[in-house]
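Tertiary structure, described
Here are the chains, one letter per residue:
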Amino acid sequence: MEKVACALTIAGTDPSGGAGIHADLKTFQELKSYGMSVITSVVAQNTTGVQALHHVPLEMIEQQLYSVISDMPVHAFKTGMIANIDMMKVIAKKIPSIAAPYVMDPVMVATSGDPLIEEQARDFLRKELLPLTALVTPNIPEAEFLIGRKVETTDDMKKAARSIVHDLGAGAALVKGGHLDGEAVDFLYDGTTIYSFSAKRINTKNTHGTGCTYSAAITAYLSQRLSLYEAVDKAKHFVTKAIKGAFPIGAGNGPTNHWAIREKGVFQ
Ligand SMILES: Nc1ncnc2c1ncn2[C@@H]1O[C@H](COP(=O)(O)OP(=O)(O)OP(=O)(O)O)[C@@H](O)[C@H]1O
Ligand SMILES: Cc1ncc(CO)c(N)n1
């Protein structure tokens, strides 16, 4: 019998539906992987920023992980917002028992600039979680934090990707250029080769949740057994379409359009 591809996200919520768990599950669904989720923090946020955070108790995070892993197949998984070291420890302990590719979106701040993880937890993420990954997907500020140097040019991005793999122990690194000017170009380093993925920059402020959507798309494709290169290539097309079709809703940075690859949706 054919088995459905199963993808898991471990992340925080976004009641406005554009980022976090919500973006991940919409993306899994759109790309036809069966989506599952473990919630780390409940975040009161919208397109304008983060209003409040409530962290799920550690035992409950552990229990959610157990509920999924003990019963369901996981063919690939990702992490997004993990707010503090204690949560990271709980998750790190369970990762070896999930025998599947791990994609880390090293979320530190929301698109609005509001912090989503505690300052001290960043080092733990770099030292303890990063070496467990099949792929990490930092944007420019996250890459700068990880390697401790400025990333200002495409050459710096490629060097950062290499250093994240060779010096920090990630399985592979995808350094995203959304925060630079010009083409929206990302560089993947898999330990041997640098690949670039490029798209025309779209003139929009509606980029809430682009990073979540991209890493979720990569995770969905990995759960379907695509190679890392193919998964990133197809995910880049998906996120570009989702940004192109992004919705001008909310007063801040509107959300990406997760169904942009098939139809426009229903408009009022
Ligand atoms: N205006 C844009 N036009 C086209 N592609 C873009 C644009 N902004 C970002 N991208 C692309 O979107 C993907 C996500 O990258 P980005 O650097 O925005 O992630 P991020 O900062 O982690 O996202 P988030 O805003 O969710 O934190 C990358 O492939 C990037 O190149
Ligand atoms: C829960 C959550 N994760 C990640 C981001 C980054 O976009 C966000 N805004 N919210």
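Residues numbered from 1 in each chain as written. Chains lettered and ligands numbered in written order. Predicted model: local features only at pLDDT ≥ 70, side-chain atom pairs only at ≥ 80, totals over all residues. Heavy atoms only, no water.

- If you check an unreviewed UniProt entry, the chain appears there as Hydroxymethylpyrimidine/phosphomethylpyrimidine kinase from Oceanobacillus halophilus.
- The UniProt entry for the chain carries the following text under Sequence similarities (unreviewed entry): "Belongs to the ThiD family." (UniProt positions renumbered as here; feature names shortened; annotations may be inferred.)

Considerations on the packing of aromatic side chains
- For the structure shown, the criterion picks out four aromatic pairs.
- A centroid spacing of 4.9 Å and a plane angle of 5° characterise the contact between Phe77 and Tyr102, whose relative ring orientation is stacked. Residue Phe77 is found in strand E5 (residues 76-79), and its partner Tyr102 is found in strand E6 (residues 102-104); the two are separated by 25 residues along the sequence.
- Owing to a relative accessible area of 0%, Phe77 belongs among the buried residues under this scheme.
- Judged by relative accessible area, which is 1%, Tyr102 ranks as buried.
- A connected cluster of aromatic rings, assembled from ring pairs, spans Tyr195, Phe197 and Tyr229.
- Across the ring face of Phe145, the terminal group of Arg122 is positioned such that the distance to the ring centre comes to 5.6 Å. (Phe/Tyr/Trp six-rings, centres within 6.5 Å; stacked < 30°, edge-to-face > 60°. Helix = DSSP H or I, 4+ residues; strand = E, 2+ residues; numbered from the N terminus. Buried < 20%, exposed > 50% of the residue type's maximum accessible area, 1.4 Å probe, protein only. Lys NZ or Arg CZ within 6 Å of the ring centre and 35° of its normal.)

Some words on the site of ligand 2
- Around ligand 2 sit Gly12, Thr13, Ala19, Gly20, Gln45, Met81, Val107, Ala110, Thr111, Leu116, His208 and Cys212, and those are all the residues in its vicinity.
- With respect to ligand 2, the side chain of Gln45 contributes an N or O atom lying 2.8 Å from a nitrogen atom.
- Across the complex, the protein chains shield 95% of the 290 Å² of accessible surface that ligand 2 would expose by itself.
- Among the detected pockets, ligand 2 sits in the largest pocket.
- Residue composition of the shell around ligand 2, grouped by class: six nonpolar, six polar and no charged. (Near = heavy atom within 4 Å. Polar contact = N/O pair within 3.5 Å; in protein donor to acceptor, adjacent residues only side chain to side chain. Areas by Shrake-Rupley, 256 points an atom, 1.4 Å probe, with all protein chains shown as cover. 1 Å grid on protein atoms, 1.4 Å probe; cavity = no way out; pocket = protein on both sides within 12 Å on 5 of 7 lines; lining within 4 Å. Sits in = over half its atoms within 2 Å of the grid points. Nonpolar A, V, L, I, M, F, W, Y, C, P; charged D, E, K, R; others polar.)

Brief notes about the packing of helix H3 (residues 85-94) against helix H4 (residues 121-129)
- Following both chains from N to C, one finds H3 and H4 inclined at 15°, their axes separated by 9 Å at the closest point. Taken together, H3 and H4 sit at an angle that is classed as roughly parallel. In the packing of H3 onto H4, the handedness of the crossing is right-handed. For the pair formed by H3 and H4, the contact residues are Ile85, Met88, Lys89 and Ala92 on the first element and Ala121, Phe124, Leu125 and Leu129 on the second.
- Classifying every residue of the contact of H3 with H4 gives seven nonpolar, no polar and one charged. (Axes fitted to C-alpha atoms, helices over the stretch in contact; angles between N-to-C directions. Parallel < 35°, antiparallel > 145°, perpendicular 65-115°, else oblique. Left-handed = near helix turned anticlockwise from the far one by under 90°. Contact = heavy atoms within 4.5 Å.)

Digging into the UniProt feature "domain: Pyridoxamine kinase/Phosphomethylpyrimidine kinase" (unreviewed entry) in the chain
- UniProt records the feature "domain: Pyridoxamine kinase/Phosphomethylpyrimidine kinase" (unreviewed entry) for residues 14-257 in the present numbering.
- Each end of residues 14-257 is marked by a C-alpha atom, and these two atoms are 15 Å apart; helix forms 39% of the span and strand 18%.

Observations regarding the environment of Ser16
- Relative to the assigned elements, Ser16 resides in the loop between strand E1 (6-11) and helix H1 (20-30).
- Judged by relative accessible area, which is 32%, Ser16 ranks as partly exposed.
- In this structure the C-alpha to C-alpha distance between Ser16 and Gly254, which are 238 residues apart in sequence, comes to 9.7 Å.
- When sequence neighbours within four positions are dropped, the list of residues in contact with Ser16 reads Gln45, Asn46, Thr47 and His208.
- One polar contact links Ser16 to Asp14, side chain to side chain, over a distance of 2.7 Å.

Observations regarding the site of ligand 1
- Neighbouring residues of ligand 1: 17 residues in total, closest Thr111, Lys176, His179, Asp186 and Ile202.
- Side-chain polar atom of Asn139 to an oxygen atom of ligand 1: 2.9 Å apart, as the coordinates give it.
- Taking His179, its side chain carries an N or O atom lying 2.7 Å from an oxygen atom of ligand 1.
- Taking 620 Å² as the accessible area of ligand 1 by itself, protein coverage stands at 93%.
- Assessed atom by atom at 2 Å from the grid points, ligand 1 resides in the largest pocket.
- Every element with two or more residues in the shell around ligand 1 is listed here: strand E9 (184-189), helix H7 (210-223) and helix H8 (228-244).
- Per element, the largest residue contribution to the shell around ligand 1 is three residues, and it comes from H7.
- Residues of the shell around ligand 1, tallied by class, amount to four nonpolar, eight polar and five charged.

With respect to empty space enclosed by the protein
- All chains considered together, the criterion is met by one cavity of 30 Å³ or more.
- Considering only enclosed or pocket space, the largest cavity measures out at about 30 Å³ in volume.
- As for the largest cavity, its lining consists of Gln45, Asn46, Thr47, Gly49, Val50, Ala110, Thr111, Ser112, His208 and Asn253.
- Among the secondary structure elements, those contributing two or more residues to the lining of the largest cavity are strand E3 (41-46) and strand E4 (49-55).
- Of the residues belonging to the lining of the largest cavity, the class tally is two nonpolar, eight polar and no charged. (Points joined across faces, edges and corners; volume = space filled by probe spheres on them.)

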